[in-house]
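The lines below spell out each chain.
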Amino acid sequence: MTSLCQTARLLPTLALLGLATLCAQEVVVEKDLRVAMRDGIHLATDVYLPAKDGQVLPGRHPVVLTRLPYNKDGAKRFGEYFAKNGYAFVAQDCRGRYKSEGVWHWMSDDGPDGVDCAAWIGKQSWSNGRIGMVGTSYVGGTQHAMALAGAPELATIIPVDAVSNCGVQSVRNAGAFEMRFWNWILLNAAKGSRGAQDPATQAVLQEMADNRFHYLANLPLRPGTTPLRLAPEYEDWLVGAMRHGANDAYWAPNNILDNTATYKDIPVYLVGGWYDSWAGNTTANHAALSKTLKSDVYLIMGPWIHGAQSKNSHGQVDFGPEAAITDELAWRREWFDHFLKGEANSLGKTGHFASKVRIFVMGTGDGGKTDKGLLHHGGFWRDESQWPPANAVPTPYHFGQDGALTTDTSTGSTSYSFDPKNPVPTIGGCISSGDGILLQGAWNQVGGPHVWNWPNPVPLSARNDVVVFQTEPLAEDTEVTGEIEVKLWVSSTAVDTDFTAKLIDVYPPSADWPGGFDLNLTDGIVRARYRDSLKQEKLMERGRIYPVTVRLYPTSNVFKKGHRIRVDISSSNYPRFDVNPNTGEPLNEHRRVETAVNTIHHDAAHPSHIILPIVRQ
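Since we're looking at a predicted model, the values are computed, not measured.

Participant: I'd love a proper account of the overall build of the protein, names of residues and values included.
Facilitator: When you go through the protein residue by residue, the secondary structure sums to 11 helices and 29 strands. Expressed along its principal axes, the backbone C-alpha trace of the protein runs to roughly 85 × 55 × 45 Å. Counting every position in the protein, which comprises 617 residues, the buried fraction comes to 61%. Taking contacts inside the protein between residues at least 6 apart in sequence as the whole, the part at least 24 apart equals 76%. By element, 51% of the accessible surface of the protein is carried by carbon and sulfur atoms, the whole surface being about 22,500 Å². With 57 positive and 65 negative side-chain charges, the protein shows a separation of 3 Å between the mean positions of the two kinds.

See the structure below:
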C-alpha cells in the first residue's frame, strides 16, 4: 500500500490540500538568503520548509511571513512550528537591521519592501502564492504596512499589538510624546543597527543605553550632543519624532485611520490588550476596517500587557488562568488553516473565534491575595456582536466639589500647581518598551522601591498636583466597557501645558489589603496646544477657559459593589509621557521651564466630566 507521504511525492498537488501537514516531521532551513528590493538593496531572509528524511516535501505550500527589526534568528521557534504543520515560513530582517542592507527608517520602507518580499515569495517553487503574516508590535506594523501597500500575494494577517496611527496615539499621543520610544531608540541603536556592526561603536552605544537614566535627566535631546550621533538614522528619527507633535504627513506611515480605502481587502485578526501600548489604535482600527473591508475583521482584547497573550497576570494583579491563551502558536495556526488552507475549523463557531469580537471583562475576582501575593482581580471572556458593545450606554460622571464624582452636575473649580521639575510618576499603564524606566500593566498606585522616581510608600493620590474625583462606594456592581473620554474645561497661567486623566478601580480595605488597592485601568493625556486639532498647534491665552478632551485607552472592567470609581486629573505622567515645560517653546527645543497653575472648571457652564460606557444587562 502506498503511504500518505509516498502519495504526496507521486502527486505533488495533494500537498496543497494538506498532506504536507501529515507528513512533515522535519524542517529544512535556508539561512541568510539575499532578497533584492526594487532599489537594489538586499534584505537577509531565512526560509523554513516542511521536510521528511532530510528532503523538502514536494509541492507548493502556503506561506507564513514575518518581517522584523529584532533579528530574524529569533523566529526559529515559529519557523519550525509552521514548517512542521505544512507551511513554508519566511523570516526577514527589516531594512538596515541586523544582516539586511540599507538604512533603517521608521515604517516608511516596510510597505514597498514588503511588496517586493511578497513578490519574491510568490515566484519560489515551494510557494503557492498565498501569504499570511505574524508578528507583534513593530512586527505587527510591518503587516499593516504591507496591507496598506496592497501586496498582491498577501492573503491574511494577524497583527498583534501592532504599530499604527502614530500621530494620534501611542507615539505622539494627543500631541504629547510617549517616552517608551525614546527608550526603544536608545536600546535598539545599540543592537542590530548599522553603527552597532562595529564592535567599538557598539560598545559606546551600549554604554549610552546602560546609562540612559542620566540621559533621561538631561532632556531635551539635541542632535549631535550624545553618542546617539553614532547611529545617525536613529538620532534623526528620535529628534524628529520628539519635535513633531502634529498628526500630519510626517506620521503618514501606517496611518490606517486616514487610509482605509487603500487597505487590502483581506481577513484581519486584530489582537490587543487592555494594558497594551497600542490598545486604542487596535480598537480604532477595528472600527475603521470593519466598516470598509468586505472580508472578515476579527478583534480580541484581553487583560494583557504588550505581547503577553499567554500570560494571565502582570504587575501586581492576577486575572485568573482563563485569561491566558496558553498556546501562542496553535491559535495562529487555527486562523491560517482556515484562511490559507481552507479548512473548516473553529472560525465563527467556538472558543476565541466564536464571534468577530471577543473581550475579557476584568474585575469579577474575589479581590483576595494569590499565593504569589497578587491581587485576584479576575474576569471572564464574553463574545460581542460589535465594538463597543451595543448595550454600553455612554454616561457622564461629573467632577464636583470636594472630589465628588457623580452623575449630577456640580459647581466650582479646582486649581493646582504643576512643576515640570517634579512630574507625577508613572506607576504602570498601557506601556511597552519600558525596559528599565517604566512599569507595565496593573499596579497599586502607591510608590515604593519598584518606582524609581517615587520610591517611598506614598500613594499618588497624596500628591498636591493630583486632583482626585471619586464616587461614593458603589451600591451595586457596575460594568464599564468601551471607549472612554474625559471632557474638561480648563485654564492655565501658562500658554501651553498638559492635562492627564487616569481611571482607577478603588478597592476598599480588606484582610488581604488592609490599605485597600488603587488599581489603574487606563489613562490618557492632551497637550493644550493641540486641544482643537491634532494637525495644527495653537497656544493658549493665559487665564482663558478652554474645553479639552482627554482620550483614554479602551477598557472593560466591573467595579464591584463597595468599590469606588476614581478619576485622577493632573498635568504629567512621567516617564510615560514627556514633560511639558509650560513655556510654549517649540517641542523638544525648550531651554526653560515654568511652573503653571492649572484649573479644572466644573460648574454648570463648564461641566467637566468623564464619559463612562456603562453596560446595561
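Next comes the rest of the write-up.
Participant: Explain the sheet that holds strand 12 (residues 313-314) to me, using residue names and the numbers behind them.
Facilitator: The 3 strands lie next to each other as 12-13-15, forming an open sheet whose pairing is mixed. The open sheet terminates on both sides in strands that have one partner only, identified here as strand 12 and strand 15 (375-376). Summarising the sheet, strand 13 (residues 317-318) and strand 15 pair through 2 bridges and their orientation is parallel. Across the sheet, residue Asp-318 finds its bridge partner in strand 15, namely His-376.

Participant: Give a detailed account of the environment of Val-317, specifying residues and quantitative values.
Facilitator: If you trace the backbone, Val-317 turns up in strand 13. Taking the relative accessible area as the measure of exposure, Val-317 reaches 0% and is therefore buried. Along the chain, Val-317 and Leu-374 lie 57 residues apart, while their C-alpha atoms are 5.0 Å from each other. Filtering out sequence-adjacent residues up to four positions away, Val-317 remains in contact with Leu-374, Leu-375, His-377, Ala-442, Phe-517 and Leu-519.

Participant: Lay out the side chain of Asp-568 in plain terms, naming residues and giving numbers.
Facilitator: Among the secondary structure elements, Asp-568 is positioned in strand 27 (residues 564-570). There is a polar contact of 2.8 Å between the side chain of Asp-568 and the side chain of Arg-566. When residues no more than four places from it in sequence are discounted, the contact partners of Asp-568 are Val-466, Val-467, Val-468, Thr-500, Ala-501, Lys-502 and Ile-504.

Participant: Provide a residue-level description of the side chain of Asn-444, including the pertinent values.
Facilitator: By the element assignment, Asn-444 lies in the loop between strand 19 (413-418) and strand 20 (467-470). Of note is the side chain of Asn-444, whose polar atom sits 2.8 Å from the backbone nitrogen of Asp-518. With sequence-adjacent residues up to four places away left out, Asn-444 is seen in contact with Gln-316, Ile-427, Gly-516, Phe-517 and Asp-518.

Participant: Outline the environment of Tyr-81, listing residues and values.
Facilitator: Within the element layout of this structure, Tyr-81 appears in helix 3 (residues 76-84). On the basis of relative accessibility, which here comes to 18%, the residue Tyr-81 falls in the buried class. In the structure, Tyr-81 is positioned 458 residues away from Leu-539 in sequence and 54 Å away in space, judged by C-alpha atoms.

Participant: Now, about helix 10 (residues 279-292): what can you tell me, with residues and values included?
Facilitator: Working note: α-helix, 3.6 residues per turn, so residues spaced by three or four point in the same direction. The end-to-end C-alpha separation of helix 10 is 20 Å, in line with the 20 Å expected for 14 residues at 1.5 Å each. Buried residues dominate helix 10, accounting for 10 of its 14 residues. Looking at helix 10, one finds that the buried residues are Ala-279, Gly-280, Asn-281, Thr-282, Thr-283, Ala-284, Asn-285, His-286, Ala-288 and Leu-289. For helix 10, the secondary structure elements touched by its buried residues are helix 5 (138-149), strand 10 (268-273), strand 11 (297-302), strand 14 (357-362) and strand 25 (546-551).

Participant: Before we move on, can you summarise the pairing of strand 26 (residues 555-559) with the specific residues and values?
Facilitator: Here strand 26 lies mainly inside the structure; 5 of its 5 residues are buried. Here strand 26 shows a buried face lined by Thr-555, Asn-557 and Phe-559 and a second buried face lined by Ser-556 and Val-558. Direction of pairing for strand 21 (residues 478-482) relative to strand 26: antiparallel, over a ladder of 5 bridges. Bridging from a neighbouring strand, Glu-479 pairs with Val-558 of strand 26.

Participant: How would you explain the nonpolar core if you had to name every residue and give the values?
Facilitator: In this structure, Trp-106, Trp-237, Leu-238, Leu-488, Leu-503, Ile-569 and Ile-610 are the most contacted members of the largest nonpolar core, which totals 149 residues. For this core, the leading source of residues is helix 6 (residues 180-189), giving 7 residues. With residues up to four places along the chain from it excluded, the contact list for Leu-238 reads Phe-177, Phe-181, Trp-182, Ile-185, Leu-186, Leu-221 and Leu-228. Listed in part, the 8 residues of the second largest apolar core include Val-424, Trp-443, Trp-454 and Val-466.

Participant: Go over the sheet that holds strand 24 (residues 517-527), please, and point to the residues and values.
Facilitator: Read from one edge to the other, the open sheet built from 4 strands follows the order 20-27-23-24, with strand pairing classed as antiparallel. The outermost strands of the open sheet, each flanked by one partner alone, are strand 20 and strand 24. Taken over all neighbouring pairs, the strand axes of this sheet differ in orientation by 20° on average, direction set aside. Pairing of strand 23 (residues 498-507) with strand 27, which is carried by 7 bridges, proceeds in the antiparallel orientation. Bridge assignment links Thr-500 to a residue of strand 27, and that residue is Ser-570.

Participant: Which residues make up the packing of helix 6 against helix 9 (residues 232-243), and what values go with them?
Facilitator: Each packed pair of helices is defined by two parameters, the angle between the axes and the distance between the axes. Packing of helix 6 against helix 9 leaves a shortest axis separation of 10 Å and a crossing angle of 175°. As far as their axial angle goes, helix 9 and helix 6 are roughly antiparallel. Residue-level inspection shows Phe-181, Trp-182, Ile-185, Leu-186, Asn-188 and Ala-189 of helix 6 in contact with helix 9, the latter providing Tyr-234, Trp-237, Leu-238 and Met-242. When grouped by side-chain class, the residues that make up the contact of helix 6 with helix 9 number 9 nonpolar, 1 polar and no charged.

Participant: Before we move on, can you summarise the packing of aromatic side chains with the specific residues and values?
Facilitator: All chains considered together, the criterion is met by 37 aromatic pairs. Pairing Trp-106 with Trp-184 gives two aromatic rings, centres 5.8 Å apart and planes at 90°, and the pair type is edge-to-face. Of the two residues, Trp-106 sits in the loop between strand 5 (88-93) and helix 4 (110-122) while Trp-184 sits in helix 6, which places them 78 residues apart along the sequence. The positively charged end of Arg-531 is found above the aromatic ring belonging to Tyr-546, 4.3 Å away from the centroid.

Participant: Explain the pairing of strand 23 residue by residue, including any values.
Facilitator: Along strand 23, 10 of the 10 residues are buried, which leaves the element largely enclosed by surrounding structure. Covered by surrounding structure in strand 23 are Asp-498, Thr-500, Lys-502, Ile-504 and Val-506 together with Phe-499, Ala-501, Leu-503, Asp-505 and Tyr-507, the residues of both alternating faces. Bridging between strand 23 and strand 24 involves 10 bridges; their strand directions are antiparallel. Note that in strand 24 the partner of Tyr-507 across the bridge is Phe-517.

Participant: Quick one: what's the story with the packing of helix 4 against helix 5, residue by residue and with numbers?
Facilitator: Close contact between helix 4 and helix 5 brings their axes to 8 Å; oriented N to C, the two are set at 75°. It follows that helix 4 is roughly perpendicular to helix 5 by the angle criterion. Taking contact as the criterion, the partners of Asp-110, Gly-111, Gly-114, Val-115 and Ala-118 in helix 4 are, on helix 5, Tyr-138, Thr-142, Ala-145, Met-146 and Ala-149. Counted by class, the contact of helix 4 with helix 5 contains 6 nonpolar, 3 polar and 1 charged residues.

Participant: So what about unusual backbone geometry? Which residues, and what values?
Facilitator: Residue Pro-220 is reached from Leu-219 by a cis peptide bond, and omega for that bond is 10°. Here the amide bond leading from Tyr-574 into Pro-575 is cis, since omega sits at 10°, within 30 degrees of zero. Looking at where Pro-575 falls in the secondary structure, it is placed in the loop between strand 27 and strand 28 (596-601). The backbone of Asp-32 sits at a positive phi, close to 55°, despite the residue not being glycine. For Asp-32, a relative accessible area of 34% translates into the label partly exposed. Its identity is not glycine, yet Met-107 carries a phi of approximately 70°, on the positive side. Relative to the assigned elements, Met-107 resides in the loop between strand 5 and helix 4. You can call Met-107 buried: its relative accessible area is 2%.

Basis of the calculations
- Residues numbered from 1 in each chain as written.
- Predicted model: local features only at pLDDT ≥ 70, side-chain atom pairs only at ≥ 80, totals over all residues.
- Heavy atoms only, no water.
- Helix = DSSP H or I, 4+ residues; strand = E, 2+ residues; numbered from the N terminus.
- Buried < 20%, exposed > 50% of the residue type's maximum accessible area, 1.4 Å probe, protein only.
- Contact = heavy atoms within 4.5 Å.
- Areas by Shrake-Rupley, 256 points an atom, 1.4 Å probe, with all protein chains shown as cover.
- Lys, Arg positive; Asp, Glu negative; His and termini not counted.
- Charge placed at Lys NZ, Arg CZ, Asp CG, Glu CD.
- Pairing = 2+ DSSP bridges.
- Polar contact = N/O pair within 3.5 Å; in protein donor to acceptor, adjacent residues only side chain to side chain.
- Expected span 1.5 Å × (residues − 1).
- Core = buried A, V, L, I, M, F, W, Y, C linked by side-chain atoms within 4.5 Å.
- Axes fitted to C-alpha atoms, helices over the stretch in contact; angles between N-to-C directions.
- Parallel < 35°, antiparallel > 145°, perpendicular 65-115°, else oblique.
- Nonpolar A, V, L, I, M, F, W, Y, C, P; charged D, E, K, R; others polar.
- Phe/Tyr/Trp six-rings, centres within 6.5 Å; stacked < 30°, edge-to-face > 60°.
- Lys NZ or Arg CZ within 6 Å of the ring centre and 35° of its normal.

Read these as spatial facts, not as claims about activity.
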